[in-house]
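Summary of the model geometry
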Amino acid sequence: MNTRQLLHPLLWLTLAVGLLAMLYGAADLYRIQANNALISRLVSGRDVEVEPVIGGPFELRLARAYYLKNKHRYDEALATLSLVIDHGDAAQRARSRYNLGNLYLEQAIAHAETMDIAAALPLAGLAKQAYRQSLALDSRQWDAKYNLEAAMRLLPEMDRISPDDEDETVQQKTQLWTTVPGFPRGLP
Amino acid sequence: MKRLLILTPLLLLGCSGAPEEALIRFEVETPRPFGYVIGDEIREKILIETRSGITLNTASLPAEGPLNRWLNLNRVEVEQDGQRYRIDLRYQVFYAPLTVRTLTLPGFTLQFGSGGSAFNKEIPPWRFTMSPLRDLAVKSAEGGASIRPDSLPPQLDTRQAMILITAGSGAAAAAAGALTFLYGYFPALRRRTLFKQALKRLSRIPEKDMAEALRTVHRALNALNRQPLYQRQLAGFYEAHPEYRRLDSQLNWFFNYSNHYFFSRNVSATALDRQKLTALCQACRQIERGSR
């Protein structure tokens, strides 16, 4: 008898909750579609208002960084990308770092082509670091592997293995020094 | 007995000097030794089973982090199951060879302890070859350097919103349907099962309680007619529900019998009457269902 009395209020409650969930989901979907339209616009190379990008989800900033880089506005792209470099799951973080590596590597190549080796070297180093971090997060990215190799070739072959280097006589103390993260984040 | 006591330390000494006897099983599993490119992960597995009382000193495992300029140790996992150890090492190589080139994963020394004494076991270095991914020249023949393009920024995921909408609308529709039924907005549904319900009730009424059985059938007929149905109104009833006309004789018998039962004296119900009543109800049910 008790369950019978409960049935009606429960049904009304289910109806109300279901309707609320549906409305909330619809509002959510509408917002997501609007943001996706912005992302598509940025990817296709058209600029959008900055306001929604600042208030929006991190994917919008990723798309804006992509747009800025394609327009060769490297400094702005770096500023935008570095804000969201640690957002998302591991696969997304790996892709963000790969894009960061591309950002550095493209500038390094541009400098190298004008024989400005002093400017190219630190940029290539930063690119290598970004690619290595990306591959540590997800080792199946062929694009990151390919570009890392390009970045390593760009530098003079300092990384070539000498016969002593192959020995396992890497001392704990010297290893400690090489593991200290010495690269500053961002442009020098 | 005394001799045994003297022998025991000697035996223990023998054990600590000979790790082969202290370790029941010692295997190093390595993957294929060729075809690696920059950024690949290499997994090395070490399976060890020790005699009881002997433990692996996990501090002797290499530490996670960079081992040298081109080699990272990303993860070290040790699973212990009693006297069995399973060590999972994940290296990652960041070497850009110009041609196919042989490299070496460094070996290390595992330490085991047994009571006061300890012994070592070498993990041998492992050699493998790496291959380059691209041509020697950084720049392509056309002049521009060729690198792979950026990964496209992801679109936002709509799955969660879609699930919310689907679940919400499903729950709301189910609740709305149930409420509509309970508030009687589906009269057709109810009215199509009048005799089904009557039959169900009839089967529950005891054989002797003829009065209740008759009332049940009366109630079903009244509900179908939307007002009390008497024998003299049967003609009108048939006009509204012509499919019941073929039960005319049975229905007339029912009303006559009911009149006698309720308004005459000394009428006793027999099992045969009850059977006829049930047969009438079943016939009505068949018509109601549309199968007759």
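Please refer to the structure higher up on the page.
Let us look at the structure shown here. As the structure is a prediction and not an experimental result, all values here were calculated from the model.

Thresholds, definitions, all that
- Residues numbered from 1 in each chain as written.
- Chains lettered and ligands numbered in written order.
- Predicted model: local features only at pLDDT ≥ 70, side-chain atom pairs only at ≥ 80, totals over all residues.
- Heavy atoms only, no water.
- Core = buried A, V, L, I, M, F, W, Y, C linked by side-chain atoms within 4.5 Å.
- Buried < 20%, exposed > 50% of the residue type's maximum accessible area, 1.4 Å probe, protein only.
- Helix = DSSP H or I, 4+ residues; strand = E, 2+ residues; numbered from the N terminus.
- Contact = heavy atoms within 4.5 Å.
- Pairing = 2+ DSSP bridges.
- Axes fitted to C-alpha atoms, helices over the stretch in contact; angles between N-to-C directions.
- Phe/Tyr/Trp six-rings, centres within 6.5 Å; stacked < 30°, edge-to-face > 60°.
- Lys NZ or Arg CZ within 6 Å of the ring centre and 35° of its normal.

Moving on, we come to the nonpolar core. Ranked by internal contacts, the top residues of the largest apolar core, which has 45 residues, are Leu81(A), Leu100(A), Leu103(A), Tyr104(A), Leu105(A), Tyr131(A) and Leu148(A). If you list the elements that add at least two residues to this core, you get helix H1 (2-43), helix H3 (58-70), helix H4 (74-83), helix H5 (90-113), helix H6 (117-137) and helix H7 (142-154) of chain A together with helix H3 (159-182) of chain B. With sequence-adjacent residues up to four places away left out, Leu105(A) is seen in contact with Ala127(A), Tyr131(A), Asn147(A), Ala150(A), Ala151(A), Leu154(A) and Ile147(B). The next biggest cluster of nonpolar side chains, apart from the first, holds 30 residues, and it includes Ile48(B), Ile54(B), Val93(B) and Leu105(B).

This next bit is on the sheet that holds strand S2 (residues 41-50) of chain B. Residue and element names in this part refer to chain B. Ordered in space as S1-S2-S6-S5-S4, the 5 strands form an open sheet in which the pairing is antiparallel. Among the strands making up the open sheet, the edge pair consists of strand S1 (23-29) and strand S4 (65-68). Looking at each pair of strands side by side, their axes are set apart by 25 degrees on average, direction ignored. The pairing of S1 with S2 spans 6 bridges and is antiparallel. Looking across to S2, one finds that Phe26 is bridged to Ile48.

Residue and element names in this part refer to chain B. Within the structure shown, the criterion is met by 12 aromatic pairs over all chains. Taken together, a centroid distance of 6.0 Å and an interplanar angle of 50 degrees make the contact between Phe237 and Tyr238 tilted. Using a relative accessible area of 1% as the deciding quantity, one classes Phe237 as buried. The exposure class of Tyr238 is buried, given its relative accessible area of 4%. Its end group placed over the ring of Tyr36, Arg32 keeps NZ or CZ at 4.8 Å from the ring centre. Lys121 extends its terminal NZ or CZ atom over the ring of Phe26, reaching a point 4.6 Å from the ring centre.

Here we take up the pairing of strand S10 (residues 126-130) of chain B. Residue and element names in this part refer to chain B. The alternating pattern of S10 places Trp126, Phe128 and Met130 on a buried face, while none of Arg127 and Thr129, on the opposite face, is buried. Examined bridge by bridge, strand S7 (residues 101-105) and S10 share 5 bridges and lie antiparallel to one another. Note on S10: the bridge partner recorded for Arg101 is Met130.

Another aspect to go through is the sheet that holds strand S3 (residues 54-57) of chain B. Residues and elements named next belong to chain B. Strand order in this open sheet of 3 strands is S3-S8-S9, and the pairing throughout is antiparallel. Each end of this open sheet is capped by a strand with a single partner; those strands are S3 and strand S9 (117-123). On average, adjacent strands in this sheet sit at an angle of 30 degrees to one another, irrespective of strand direction. Examined bridge by bridge, S3 and strand S8 (residues 108-114) share 4 bridges and lie antiparallel to one another. Across the sheet, residue Asn57 finds its bridge partner in S8, namely Gln111.

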